[in-house]
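One letter stands for each residue in the lines below.
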Amino acid sequence: MSALSIRGLAKEYVRGKPVLRDVSLDVAAAGITAIIGPSGTGKSTLIRCINRLIDPTAGEILFEDQDLARLSGRALRLARRRIGMVFQEYNLVERLTVMENVLSGRLGYVSAWTAWRRTFPEADVARAFHLLERVGLADFARRRADELSGGQRQRVGIARALMQAPGLLLADEPTSSLDPKTSVEIMELMRDLAAESGVPVIVNIHQVDLARRFAGRMVGMSGGRIVYDGAPEGLGNAELKAIYGGESWLSP
Amino acid sequence: MSATVTRDDFFAPSIGRRLIYAGLIVYVVYAAATLGLSLERIERGIGYGARFLAGFFPPDFTKSDILPGLLESLQIAFLSSLFGTLLAIPVALVSARNLMPRVVSWSGRLIITFCRSFHPVIIAIIAVKAIGFGAAAGVVALTIASVGFVGKLLAEAIEEISEKQIEAVRATGASFMGVIVFGVIPQVVNRFIGFVAYETDANLRNSTMVGVVGAGGIGGTLFSAFQRFDYDFVAGIVICIIALVMVGEVLQLVVKRVFR
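Here is what the cut-offs are and how they apply
- Residues numbered from 1 in each chain as written.
- Chains lettered and ligands numbered in written order.
- Predicted model: local features only at pLDDT ≥ 70, side-chain atom pairs only at ≥ 80, totals over all residues.
- Heavy atoms only, no water.
- Core = buried A, V, L, I, M, F, W, Y, C linked by side-chain atoms within 4.5 Å.
- Buried < 20%, exposed > 50% of the residue type's maximum accessible area, 1.4 Å probe, protein only.
- Helix = DSSP H or I, 4+ residues; strand = E, 2+ residues; numbered from the N terminus.
- Contact = heavy atoms within 4.5 Å.
- Pairing = 2+ DSSP bridges.
- Axes fitted to C-alpha atoms, helices over the stretch in contact; angles between N-to-C directions.
- 1 Å grid on protein atoms, 1.4 Å probe; cavity = no way out; pocket = protein on both sides within 12 Å on 5 of 7 lines; lining within 4 Å.
- Points joined across faces, edges and corners; volume = space filled by probe spheres on them.
- Nonpolar A, V, L, I, M, F, W, Y, C, P; charged D, E, K, R; others polar.
- Phe/Tyr/Trp six-rings, centres within 6.5 Å; stacked < 30°, edge-to-face > 60°.
- Parallel < 35°, antiparallel > 145°, perpendicular 65-115°, else oblique.
- Buried area = accessible area lost by both parts, 1.4 Å probe.
- Salt bridge = Lys/Arg side-chain N within 4 Å of Asp/Glu carboxyl O.
- Polar contact = N/O pair within 3.5 Å; in protein donor to acceptor, adjacent residues only side chain to side chain.
- Patch = residues over 30% accessible without salt bridge, like charges linked within 9 Å, V, L, I, M, F, W, Y side chains within 5 Å.
- Areas by Shrake-Rupley, 256 points an atom, 1.4 Å probe, with all protein chains shown as cover.
- Expected span 1.5 Å × (residues − 1).

Visitor: Honestly, the nonpolar core in this entry has me stumped. Any pointers?
Guide: One recurring pattern in soluble globular proteins: nonpolar side chains tend to sit buried together. By size, the foremost hydrophobic cluster in this structure holds 78 residues, and its most contacted members are I36, V203 and M218 of chain A. Take this core: its biggest share by element is eight residues, from helix α9 (residues 176-207) of chain B. Each residue touching M218 of chain A, except ones within four places of it in the same chain, is listed here: A34, I36, V208, A211, R212, Y228, D229, G230, A231, P232 and L235 of chain A. Counting 30 residues, the second largest nonpolar core, distinct from the first, contains L20, V23, I47 and V219 of chain A.

Have a look at this one:
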């Protein structure tokens, strides 16, 4: 059974100039699905349509018995709680502490008044500490987010997303701002934590080798369409050429 | 036409600029002449000024109505700053174009523009007419001015916040108020405290002035001392006001340092 089922998704920012054209995708209930493709081909748009940070023009997004594309208001917020998101530039609230950033993953579950007074339920605080320990930042709980390095910030970003107790984890180029070693560590962390919580992951990624190493499935996009969908092993030079175009960049 | 350009050509003012300079000089001469601002008048004025300043010495601090007047000014300043900045928060949130639909933010901006349109003393004159003489009118006048000033600055600060941080908070499923509490406020709170400190300092100065039109505070004492030609008392009051404003300046610096 698939956790997420996208049917005929399309998005036009400008009428007549579609960024996504008729994208259909089923994502299994576990494992990492990597989406690769050139810049501007709609990878970010696809991911942001799923949690409706962007409104799709047409299509269905079936998740937990609901069509996310049709939700609005409170129903949309309730659905968003179940979808964690990790961002390229971490998007932590810089002036809040690490702990507050992790707890912000519970904002869909507590009232604004509770959040204002910082009186989160005991269980939430305990889980936040547990997650911070798992991402190796237990000693940083009181530090302000803008004091952390890129890799540390992304760890907080992962903890925040998992704090939501999500049924799906989205990652929009989570390693694009990081060095190669940190990138691998972040991918390992996402893989391990997602597996522990039994959450499927969809990740947009530019580094094809990194994607191959961690993903059980690769989706190649080009011109707003899916042009490859299959195992990493099936992704050869011919397929990469179809996704990115050109060939001088490919290793012989 | 030759393409060579001499050095003089580079820096010579254009015809347009020359006309503006010439026009400016003509207007200054015309304005001074029609106001009777002759050399003889200036000389006479300096004579008056010297006698006036001589009247300041020695300053008189002994009259008993300095302290109550100063304390009343201080109270006007603090109350109006408190009410004004508290009211400015919702006005600014409503006015921020990145949080509200255009119609709503437009009406918020209208409130701010209304509050900023008049000098505090003009509002004080109206407030005195509306609710009667005394400190209450001063508080109302400076509160309105504070809503306009802090509201405008805070609305602009909110419009400059990072959208990425807001996006992340929205993605957690937070409600609108949740986004305000965890996404917007943390990004503007320090600047807001700076605005409040600045506005309190400004109100401290303005509160010494609204008394001139009968809206309470030391200004009223100062005005009546002037009308009695009681210049040594005037000097005493002026020195006390300077001291008060300097204390405000220092307080502002302290607050800014603590909340950096």
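There is more to say, and it comes next.
Visitor: Any chance you could explain the sheet that holds strand β1 (residues 2-14) of chain A here in plain terms?
Guide: Two modes of strand pairing occur in sheets, parallel and antiparallel, and in both the strands are linked by backbone hydrogen bonds. All names here are of chain A. Across the sheet, which stays open at both edges, the four strands sit in the order β2-β1-β4-β5 with antiparallel pairing between neighbours. With partners counted over all chains shown, the strands left at the sheet margins are β2 (17-28) and β5 (66-67), one partner each. In this sheet, β5 lies alongside strand β4 (residues 58-63) in antiparallel orientation, the contact comprising two bridges. Within β5, the residue paired with L62 across the bridge is D67. The strands touched by helix α1 (residues 43-50) within the sheet are β1, β2 and β4, with β1 carrying the most contacts at an inclination of about 120°.

Visitor: When you look at the layout of surface pockets in this model, what are you seeing that I'm missing?
Guide: In this approach the atoms are scanned with a rolling probe the size of a water molecule, which exposes any empty space left behind. In this structure, the largest pocket occupies an estimated 420 Å³ of space. Breaking the lining of the largest pocket down by element, the ones donating at least two residues are α4 (66-95), α7 (135-159), α9 and α11 (231-258) of chain B. Residue contributions to the lining of the largest pocket peak at 12 residues, all from α9 of chain B. Across the lining of the largest pocket, the residue classes break down as 19 nonpolar, three polar and one charged. As a volume, the second largest pocket reaches approximately 320 Å³. As for the second largest pocket, its lining consists of 14 residues, of which R80 of chain A together with R170, A174, F176 and V179 of chain B are closest to the centre.

Visitor: What am I meant to see in the sheet that holds strand β6 (residues 83-86) of chain A here?
Guide: All names here are of chain A. Read from one edge of the open sheet, six strands run β6-β7-β8-β3-β9-β10, paired in mixed fashion. The open sheet has two edge strands, β6 and β10 (225-230), and neither has a second partner. Within the sheet, the average angular offset between the axes of one strand and its neighbour, ignoring direction, is 20°. Of the strand pairs in this sheet, strand β3 (residues 32-36) and strand β9 (residues 217-222) are connected by four bridges, and their pairing is parallel. Considered in β9, the bridge of T33 is made with R217.

Visitor: Even after reading the chapter, I still don't get the packing of aromatic side chains, so can you show me in this structure?
Guide: Any aromatic ring pair is given by two values, namely how distant the centres are and how the planes are angled relative to each other. All names here are of chain B. By the definition in use, this model includes 10 aromatic pairs over all chains. Each ring, one from F52 and one from F226, has its centre 6.3 Å from the other, and the planes form 10°; the classification is stacked. Taken together, the positions of F52 in helix α3 (residues 39-54) and F226 in helix α10 (residues 218-227) put the pair 174 residues apart, joining distant regions of the chain. With a relative accessible area of 28%, F52 lands in the partly exposed category. For F226, a relative accessible area of 33% translates into the label partly exposed.

Visitor: Can you walk me through the packing of α4 of chain B against helix α5 (residues 102-116) of chain B in this structure?
Guide: For any two helices packed against each other, one specifies the inter-axial angle together with the distance between the axes. Residues and elements named next belong to chain B. Direction vectors running N to C along α4 and α5 enclose 140°, while the axes themselves pass 7 Å from each other. The pairing of α4 with α5 is recorded here as oblique in orientation. Where α4 approaches α5, its residues V91, V94 and S95 are matched on the opposing element by V104, S105, G108, R109, I111 and I112.

Visitor: Help me understand the interface of chain B and chain A in this model?
Guide: One frequently used descriptor of interface size is the decrease in accessible area upon assembly of the parts. In this complex, chain B contributes 18 residues to the contact, which on the side of chain A involves 28 residues. Summed over both sides, the interface of chain B with chain A buries roughly 2,100 Å², with 63% coming from carbon and sulfur. Per-residue buried area on chain B facing chain A is highest for A171, T172 and F182 of chain B; these three make up 31% of the total on that side. Applying the counting rule to chain B against chain A returns two salt bridges.

Visitor: Explain the environment of S224 of chain B here, please?
Guide: Residue and element names in this part refer to chain B. By the element assignment, S224 lies in helix α10. Between the alpha carbons of S224 and V212 there is a distance of 8.5 Å; along the sequence they are 12 residues apart. For S224, the side chain forms a polar contact with the main-chain oxygen of T221, separated by 3.1 Å.

Visitor: Sorry, what's going on with the pattern of salt bridges here?
Guide: Pairs can form between side chains of opposite charge once their charged atoms are near each other. All names here are of chain A. Evaluation of the coordinates by the stated rule reveals 26 salt bridges over all chains. Salt-bridge contacts for E185 lead to R155; the nearest nitrogen and oxygen are separated by 3.3 Å. Placement of the pair is E185 in helix α7 (residues 180-197) and R155 in helix α6 (residues 150-163), with a sequence separation of 30 residues. The exposure class assigned to R155 is buried, which follows from its relative accessible area of 18%.

Visitor: Whenever I open this one, a nonpolar patch on the surface confuses me. Can you help?
Guide: On the surface, L35, L37, L39, I42 and I46 of chain B cluster together into a nonpolar patch covering about 580 Å² of accessible area. As for its position among the elements, I42 of chain B is in helix α3.

Visitor: Honestly, the environment of P59 of chain B in this entry has me stumped. Any pointers?
Guide: Residue and element names in this part refer to chain B. With respect to the secondary-structure elements, P59 resides in the loop between α3 and α4. Along the primary structure P59 and V181 are separated by 122 residues, whereas in three dimensions their C-alpha atoms are 53 Å apart. Non-local contacts of P59, meaning those with residues more than four positions away in its chain, are made with D232, A235, G236 and I239.

Visitor: When you look at helix α6 (residues 120-131) of chain B in this model, what are you seeing that I'm missing?
Guide: Count 3.6 residues to each turn of an α-helix, and residues three or four apart come out pointing the same way. The end-to-end C-alpha distance of α6 of chain B, which contains 12 residues, comes to 16 Å, matching closely the 16 Å that a straight helix rising 1.5 Å per residue would cover. Looking at the buried residues of α6 of chain B, the elements they touch are α5, α7 and α9 of chain B.

Any link to function would need more than the numbers given here.
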